[in-house]
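Understanding the architecture of this molecule
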Amino acid sequence: MGRKKFRGGRKGGSNRAPRGDGPPTWRSYNEVVKENKNLEKYYNTVLPLDDAERSEFWEALKRELPNSFRFCGSKGHALAVKRLLETRYAPEIVKIERHDGEPVQAPQPVSWYPDQLAYSMNTPKHVVRKFPPFAAFQKFLVSETSVGNISRQEVVSMIPPLLMDVEPGMTVLDLCAAPGSKAGQLLEMIHAGEEARIRKFKQTLGETNSQGADEVVDLSVDAGDDGRATGLLIANDADYKRSHMLVHQLKRLSSPNMLVTNHDATLYPAIKLPRKPDQPDRGQYLRFDRILADVPCSGDGTLRKNVNLWKDWQPGNALGLHLTQVRILVRALQMLKVGGRVVYSTCSMNPVENEAVVVSAIERCGGPDKIEIIDCKDRLQGLKRSPGMYQWQIMDKSGRIWSSWEEVQQHVLTTDGQVPGKLSETMFARPDTSDCSALPLDRCMRVYAHQQDTGGFFITVLEKKDDFKAKPETKVRTPNTATSTDGADQAEVEAKIEIEEVKAALGEPTDVLPTVGAKRTIDDEEETKPDTKKPRIVALADTRPEAPAETEQAPAEPKTEEEVKPEVEATPKSNGQADRKVKPSDGNYEEPFKYLPSDHPVIQDIQKFYKISPRFPTDRFMVRNATGEPAKAIYYTSALLRDILTENEGRGVKFVHGGVKMFMKQDAPSAEVCRWRIQSEGMPIIEGYVGPERIVRLTNKETFRKLLKEMFPKFIDEDWKKLNEIGERAKEIGMGCCVLVVEPDGNDPDFSERMVLPLWKSFHSLNLMLPKEDRSAMLLRIFNDTSPVINQTLKESAKKEAQAANADPETRDEILKDAAAIEETKGENDVSKQIDEANDEDEYMDDPAVKEDTLAD
């Protein structure tokens, strides 16, 4: 969800000292005065803590937050990377003895996280920097984070996805997803067990070896597409730059089941699906099994990390966000399937952003008969938490605390008739006369800093029991506050919002922007620097009625898209012709998504060259350009993504990213060689369907080390003999891209994981087509090797040029000819690097403002 620009990280307004010799321009964590009169007054009043616990609460908030991280990817891969922490780094860390004689504690597993794949570390930074074992671990942490195997994420922010009960095959929406750590967790859940299902499915067809033959795999779980995941994750953010941050974070997981969108969460559009054959006259819209609404908030649960909040905290920050938070939650419940679940969460401790939002949303959505709060007290055993509150007080902008709306009304009647700053009826607990007065709010979950040395967080799980028509927002009318002019202005605003609601339901662009509050950055899941800017509050938000979005909320209702706005259906579909580049009103343009027909010549050439099995679907390849012709990259998506992208073309749904880059265009050494190489991120998806003619199998650890260590090693004359078990096979195989299958024998625990990687054979070399950072990470992980990767072409070229400088003219010409041949090979390296690193999203990440919001410590 949108938020003010973050200026932390390595650039911009960093709180780090300058690299020069000048005096520091920042104050350290301990120098910030951690006091705020209104903050302490409010939470001492509202939180039900005894004196002893209250003291622990404030002491914890004034301590620095421990570092934390989790291991990502498939469960097997995550456990393999985790083993290195346990066997290589932790034993060395615990040997450190500080100057005071106290031992140093290694990172500790988070007890309640599944398979203990999350860790927390409270070692002081000066200890981390001083001792070599910690420096080695830090290098490992940074390396694995850069390639997506580790997510440096705050412990409490890991909770919401774990309570969503996401299963393979489900459709999931993360409404306010940036920076993407929770979306990454959800994506892992959608793909859970996929590798084992695919292996088992292929074994039943006799298309693979006996590896994993003894695995117990339930093929009844998401097995409709030959074991491939069929679920969907849509990760959305209202801020365009932050939506690209999502792409940057989530593309590491290489999922063809993920879409990134850029919409206001309060007016998220209906996503159209293909019509059912038996109901051709009725529009179909996507309903979600699970939705995460981790909404923008005042963020006072992050006081331990964002220390400037101690001086910047104001009660008005939360009051100004309440209405937007209610709208987001109502919109989420509207888009949910009956029986589906929404998880609502904030990093705030303020009940006006938590329990009050939950009550208001349930009230607008039909009450407890329609929406149920799910009890999660038996979930995540070992996580200490407090129940939600039934009663609470509200602090207004002036610092006065109010206990009920009746007290506010009495004040209005007995004074000047003005409601104190930003207060509204929906912010308070409901009276006994309300249908929602007895909601089981104790089922909500509050996590406080002192309970397990974390940040503060609020989580609630809601289940939709039946379809509903959302009630309009309550309009506050107070004595002497509404003039005729005010009424006219209000009517004009409401009329405009009704138009925007219809647009949202139809997936058209909307003009209303969300209220902007504090949302965790990527460093939130790392080491966030405080942001001193106050939340920008859109004035319109305080008066705007709610968007019912009836169009898609209940398919059984007769109102359809055609009835709401028939001309939308008349929009001409793409016929493969080039679209005109029309820049949207918000100034952000995304290339269209164009699917290639199965009989496209490029697809047929690829199939022929790689001998791809006919079982692999060929109707899911697409390109990102207006011509609809392959130019630089070909993407692959799931069938559901294809249907969504094609059905919603021209409807104003702002898709930013979708699919996995499967093939990249590369200069070929001859006409017989396919010019489209398999991209590393698409390799795990397609490798099982590539014919044996393009496969090279590697089993020797040292052979793999040589391929990783040397970029473009020479492969001429007798060089093939240096590559051990793959040498003869590599000599025989035709030029171009092939699949390197790494199959360790299992005797070395550091070299035990099966991998598939792209290998490129040219006239002069045999090169593993991986970015340098991936090579370095593998060298460190498998071989504990931190020395730099060797680029043979650069070394050879420099050597030849040095020889030419000292040779006579005739000899110099011959040497320079050789150098030119080397430079030709070097060109392959340049193309490889360009293709791996300069896709649309990465080019966008070159924007300095985006880098400031994404770079991690």
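In short, a report on the structure. In this text the structure is predicted, and so the values were computed from the model without any measurement. (Residues numbered from 1 in each chain as written. Predicted model: local features only at pLDDT ≥ 70, side-chain atom pairs only at ≥ 80, totals over all residues. Heavy atoms only, no water.)

Observations concerning the environment of aspartate 719
Note the cut-off: Secondary structure elements are defined from DSSP: runs of H or I of at least 4 residues count as helices, runs of E of at least 2 residues count as strands, and each element is numbered from the N terminus. Using a 1.4 Å probe on the protein chains alone, a residue whose accessible area is under 20% of its type maximum counts as buried, one over 50% counts as exposed, and one in between counts as partly exposed.
Along the polypeptide, aspartate 719 turns up in the loop between β25 (710-711) and α22 (724-732). We classify aspartate 719 as buried; its relative accessible area is 12%. When the C-alpha atoms of aspartate 719 and lysine 731 are compared, they prove to be 9.3 Å apart, with twelve residues separating the residues in sequence.

A closer look at the sheet that holds strand β2 (residues 108-109)
Quick reminder of the rule: Being paired, for any two strands, means DSSP has found at least two bridges between them.
One open sheet accounts for four strands, arranged β2-β3-β1-β4; its pairing is antiparallel. Every interior strand has two partners, whereas the edge strands, β2 and β4 (150-151), have only one. Here strand β1 (residues 67-71) runs beside strand β3 (residues 118-121); their pairing, made up of four bridges, is antiparallel. Bridging from a neighbouring strand, phenylalanine 69 pairs with tyrosine 119 of β3.

Some words on the packing of aromatic side chains
Definition in use: Between 30 and 60 degrees the pair is tilted, below 30 it is stacked and above 60 it is edge-to-face, where a pair is any two Phe, Tyr or Trp rings, Trp via its six-membered ring, whose centres lie within 6.5 Å. Definition used: whenever NZ (Lys) or CZ (Arg) falls within 6 Å of the ring centre and also within 35 degrees of the ring normal, the charge is taken to sit over that ring.
Scanning all chains against the criterion turns up 25 aromatic pairs. Centre to centre, the rings of tyrosine 42 and tryptophan 313 are 6.5 Å apart; their planes meet at 25°, and the pair counts as stacked. With tyrosine 42 in helix α1 (residues 37-46) and tryptophan 313 in the loop between α10 (309-312) and α11 (315-334), the pair connects residues that are 271 residues apart, well separated along the chain. Per residue, the accessibility class of tyrosine 42 equals that of tryptophan 313, and both read buried. Their ring planes at 90° and their centres at 4.9 Å tell us that phenylalanine 609 and tyrosine 610 sit as a pair that is edge-to-face. Comparing phenylalanine 609 with tyrosine 610, the two get one shared label, buried. An aromatic cluster is present here, built from Phe609, Tyr610, Phe616, Phe621, Tyr636, Phe663 and Tyr689 joined pairwise through their rings. The lysine or arginine in question, arginine 624, covers the ring of phenylalanine 593, its NZ or CZ lying 3.9 Å from the ring centre. The ring of tryptophan 720 carries lysine 731 above its face, with NZ or CZ at 4.1 Å from the centroid.

With respect to helix α23 (residues 772-783)
To keep things clear, this is the line we draw: The span you would expect from a helix comes to 1.5 Å times its residue count less one. In what follows, residue pairs with any heavy atoms lying within 4.5 Å of each other are defined as contacts.
Taking 1.5 Å of rise per residue, the twelve residues of α23 would be expected to cover 16 Å, and the 16 Å separating its terminal C-alpha atoms lies within 8% of that figure. Turning to α23, the residues buried within the fold contact α3 (75-93), α5 (132-146), α21 (701-709), β25, β27 (755-761) and β28 (766-768).

A word on helix α19 (residues 639-647)
Among the residues of α19, those classed as buried are Leu640, Leu641, Arg642, Ile644 and Leu645. Elements in contact with the buried residues of α19: β5 (171-174), β6 (232-236), β7 (258-261), β8 (272-273), β18 (594-595) and β21 (655-658).

Focus: the state of the cysteines
Cut-off, in case you're wondering: The criterion for a disulfide is a pair of cysteine sulfur atoms lying within 2.5 Å.
Following the criterion strictly, the structure yields zero disulfides and no others. Of the cysteine sulfurs around cysteine 436, a residue in no disulfide, the closest is that of cysteine 365, at 9.8 Å. By relative accessible area, which is 5% here, cysteine 436 ends up buried. We note that cysteine 444 lacks a disulfide partner, and the nearest cysteine sulfur, in cysteine 376, lies 9.6 Å from it. Judged by its relative accessible area of 3%, cysteine 444 is buried.

Examining the environment of isoleucine 234
Within the secondary structure, isoleucine 234 is located in strand β6. The buried category is assigned to isoleucine 234, whose relative accessible area is 0%. In this structure the C-alpha to C-alpha distance between isoleucine 234 and leucine 187, which are 47 residues apart in sequence, comes to 9.5 Å. Apart from residues lying up to four places away in sequence, isoleucine 234 is in contact with Val172, Leu173, Asp174, Leu259, Thr261, Tyr268, Leu286 and Phe288.

Thoughts on the packing of α3 against α5
Put simply, the rule is: Fitted lines through C-alpha atoms give the axes, limited to the stretch in contact for helices. The angle between two N-to-C directions lies from 0 to 180 degrees. Comment on the angle field: the value is read as roughly parallel under 35 degrees, roughly antiparallel over 145, roughly perpendicular from 65 to 115, and oblique elsewhere. The handedness criterion is simple: a crossing whose near helix is rotated anticlockwise from the far helix by less than a right angle is left-handed, and one whose near helix is rotated clockwise is right-handed. The residue classification treats Ala, Val, Leu, Ile, Met, Phe, Trp, Tyr, Cys and Pro as nonpolar and Asp, Glu, Lys and Arg as charged. All others, Gly included, are polar.
At a minimum axis distance of 9 Å, the contact between α3 and α5 shows a crossing angle of 160°. With respect to their mutual orientation, α3 and α5 come out roughly antiparallel. Classified by chirality, the crossing of α5 by α3 is left-handed. Side by side, α3 and α5 meet where Val81, Leu84, Leu85, Tyr89, Glu92 and Ile93 of the first sit next to Pro133, Phe134, Ala136, Phe137, Phe140 and Glu144 of the second. Taken together, the residues of the contact of α3 with α5 sort by class into ten nonpolar, no polar and two charged.

Section: the nonpolar core
Let me state the cut-off plainly: Here, the term nonpolar core denotes a set of buried Ala, Val, Leu, Ile, Met, Phe, Trp, Tyr and Cys residues that are joined through side-chain atoms within 4.5 Å.
With 89 residues, the main nonpolar core has Tyr43, Leu175 and Leu333 as its most contacted residues. With eight residues, α11 is the single largest residue contributor to this core. Judged by nonpolar contacts, the second largest core, of 66 residues, contains Ile150, Met164, Ala177 and Cys347.

Some details on the environment of arginine 364
Tracing the chain through its elements places arginine 364 in helix α12 (residues 355-364). What makes arginine 364 buried here is its relative accessible area of 7%.

A short note on the pattern of salt bridges
So the rule is basically this: Salt bridges are counted wherever a side-chain nitrogen of Lys or Arg sits within 4 Å of a carboxyl oxygen of Asp or Glu.
Counted under the stated rule, the structure contains 45 salt bridges. Put simply, arginine 63 and aspartate 453 hold a salt bridge, and the shortest N to O gap is 3.7 Å. Of this pair, arginine 63 sits in the loop between α2 (51-61) and β1 while aspartate 453 sits in the loop between α14 (449-452) and β17 (457-464); the two residues are 390 residues apart in sequence, bridging distant segments of the chain. Classification of arginine 63 by relative accessible area gives partly exposed; the value is 40%. Here aspartate 467 ties to arginine 287 by a salt bridge, and the two come within 2.8 Å at their closest N and O atoms. In this pair, aspartate 467 sits in the loop between β17 and α15 (484-506) while arginine 287 sits in the loop between β9 (284-285) and β10 (288-294), placing the two residues 180 residues apart along the sequence. A residue is classified by how much of its surface remains accessible, and arginine 287, at 9% relative accessible area, is buried. One salt-bridge network, in which partners are shared between bridges, spans Asp225, Arg228, Asp619, Arg620, Arg642 and Asp643.

Digging into unusual backbone geometry
Outside of glycine, negative phi angles account for most residues, and trans bonds account for most peptide bonds. For the bond from alanine 178 to proline 179, the omega torsion is 10°, close enough to zero to count as cis. Turning to its location among the elements, proline 179 is positioned in the loop between β5 and α7 (181-190). Backbone geometry places serine 254, a non-glycine residue, at a positive phi of 50°. Mapped onto the elements of the fold, serine 254 is located in the loop between α9 (240-250) and β7. Phi angles above zero are rare outside glycine, and asparagine 724 is one such case at about 50°. Relative to the elements of secondary structure, asparagine 724 occurs in helix α22.

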